[in-house]
Amino acid sequence: MFEYLMPSLVMRAPAGSLLEQTNRLVVARQRAYGQSLDIPWGISESAYNARDREFTYQYSNFGVPGLGLKRGLSENVVVAPYCDRPCGDGGSHAARANYRRLASMGAEGRYGFYEALDFTRSRLPESTDVAIVRSFMAHTRG
């Protein structure tokens, strides 16, 4: 999602423009996909619940089926709170509600929201619904 919304961080997106329409439709699809899975929305590239031998979280691109060209997007479900930020700078009702839901799930830490919430069944410990990726990335803090 962030990649779709990133241009609006540095460019105007006038009402009715292709950029504004794309932003609106991408956010609507993200919200609908999250709702269909009963999870918060905001899927984008991020770290996920897998670590290397040095215990460093791994990083990959994730997306919503229908928005990305990559096959198999539904195989991984990783929500990245940072990518909601461009959705009206957290000011929209939907973004504020999503942030509240993320916080209620334990996604907020000392420095703000953690990197991601991994809902991918194959990477979850038994009898858990989500793994919180407890890291803070400098590029998402900016």
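The model shown is predicted, which means the values in this text are computed figures rather than measured ones.

Novice: Which residues make up the pattern of salt bridges, and what are the values?
Specialist: Enumeration over the complete set of coordinates arrives at four salt bridges. Put simply, aspartate 38 and arginine 101 hold a salt bridge, and the shortest N to O gap is 3.3 Å. Of this pair, aspartate 38 sits in the loop between helix 3 (18-37) and strand 1 (46-51) while arginine 101 sits in helix 4 (residues 93-104), and the two are 63 residues apart along the sequence. Relative accessible area serves as the criterion here: at 31%, arginine 101 is assigned to the partly exposed category.

Novice: Describe helix 3, naming the residues involved and giving the relevant values.
Specialist: Its 20 residues give helix 3 an end-to-end C-alpha distance of 29 Å, which sits within 8% of 28 Å, the value for a rise of 1.5 Å per residue. In the stretch just after helix 3, aspartate 38 is the one whose phi turns positive, near 55°.

Novice: Before we move on, can you summarise the environment of serine 60 with the specific residues and values?
Specialist: Residue placement: serine 60 occurs in strand 2 (residues 57-60). Note on serine 60: relative accessible area 22%, which makes it partly exposed. For the pair serine 60 and valine 78, spaced 18 residues apart in sequence, the C-alpha to C-alpha distance is 9.8 Å. Here serine 60 is in contact with Glu45, Ser46, Tyr48 and Lys70, once residues within four sequence places are set aside.

Novice: Talk me through the sheet that holds strand 3 (residues 78-79); I want residue IDs and the actual numbers.
Specialist: Strand order in the open sheet formed by three strands is 3-6-7, with antiparallel pairing between adjacent strands. Of all strands in the sheet, those with a lone pairing partner are strand 3 and strand 7 (131-133), marking the two edges. Bridge count for strand 6 (residues 116-118) against strand 7 is three bridges, and the pairing is antiparallel. Residue pairing for strand 7: leucine 117 is matched across the bridge by isoleucine 132.

Novice: Residue-level account of the packing of aromatic side chains, with values.
Specialist: One pair of aromatic rings is described through two measures. These are the centre distance and the angle between the planes. Tallied over the entire structure, the rule returns four aromatic pairs. Taking the centre distance of 5.5 Å and the plane angle of 85° together, the rings of tyrosine 48 and phenylalanine 62 count as edge-to-face. With tyrosine 48 in strand 1 and phenylalanine 62 in the loop between strand 2 and strand 3, this residue pair connects regions lying 14 residues apart in the sequence. Taking relative accessible area as the criterion, phenylalanine 62 reaches 11% and is therefore assigned buried. The ring of phenylalanine 55 has arginine 51 lying over it, and the distance from NZ or CZ to the ring centre is 3.8 Å.

Novice: Hey, could you go over the pairing of strand 2 for me, with residue numbers and the actual values?
Specialist: Two elements, strand 1 and strand 2, share four bridges in a ladder whose sense is antiparallel. Each bridged residue has a counterpart across the sheet, and for tyrosine 48 the counterpart in strand 2 is glutamine 58. Remark: five residues form the turn of the hairpin made by strand 1 and strand 2, two consecutive strands paired antiparallel; phenylalanine 55 in that turn has positive phi of roughly 70°.

Rules behind the numbers
- Residues numbered from 1 in each chain as written.
- Predicted model: local features only at pLDDT ≥ 70, side-chain atom pairs only at ≥ 80, totals over all residues.
- Heavy atoms only, no water.
- Salt bridge = Lys/Arg side-chain N within 4 Å of Asp/Glu carboxyl O.
- Helix = DSSP H or I, 4+ residues; strand = E, 2+ residues; numbered from the N terminus.
- Buried < 20%, exposed > 50% of the residue type's maximum accessible area, 1.4 Å probe, protein only.
- Expected span 1.5 Å × (residues − 1).
- Contact = heavy atoms within 4.5 Å.
- Pairing = 2+ DSSP bridges.
- Phe/Tyr/Trp six-rings, centres within 6.5 Å; stacked < 30°, edge-to-face > 60°.
- Lys NZ or Arg CZ within 6 Å of the ring centre and 35° of its normal.

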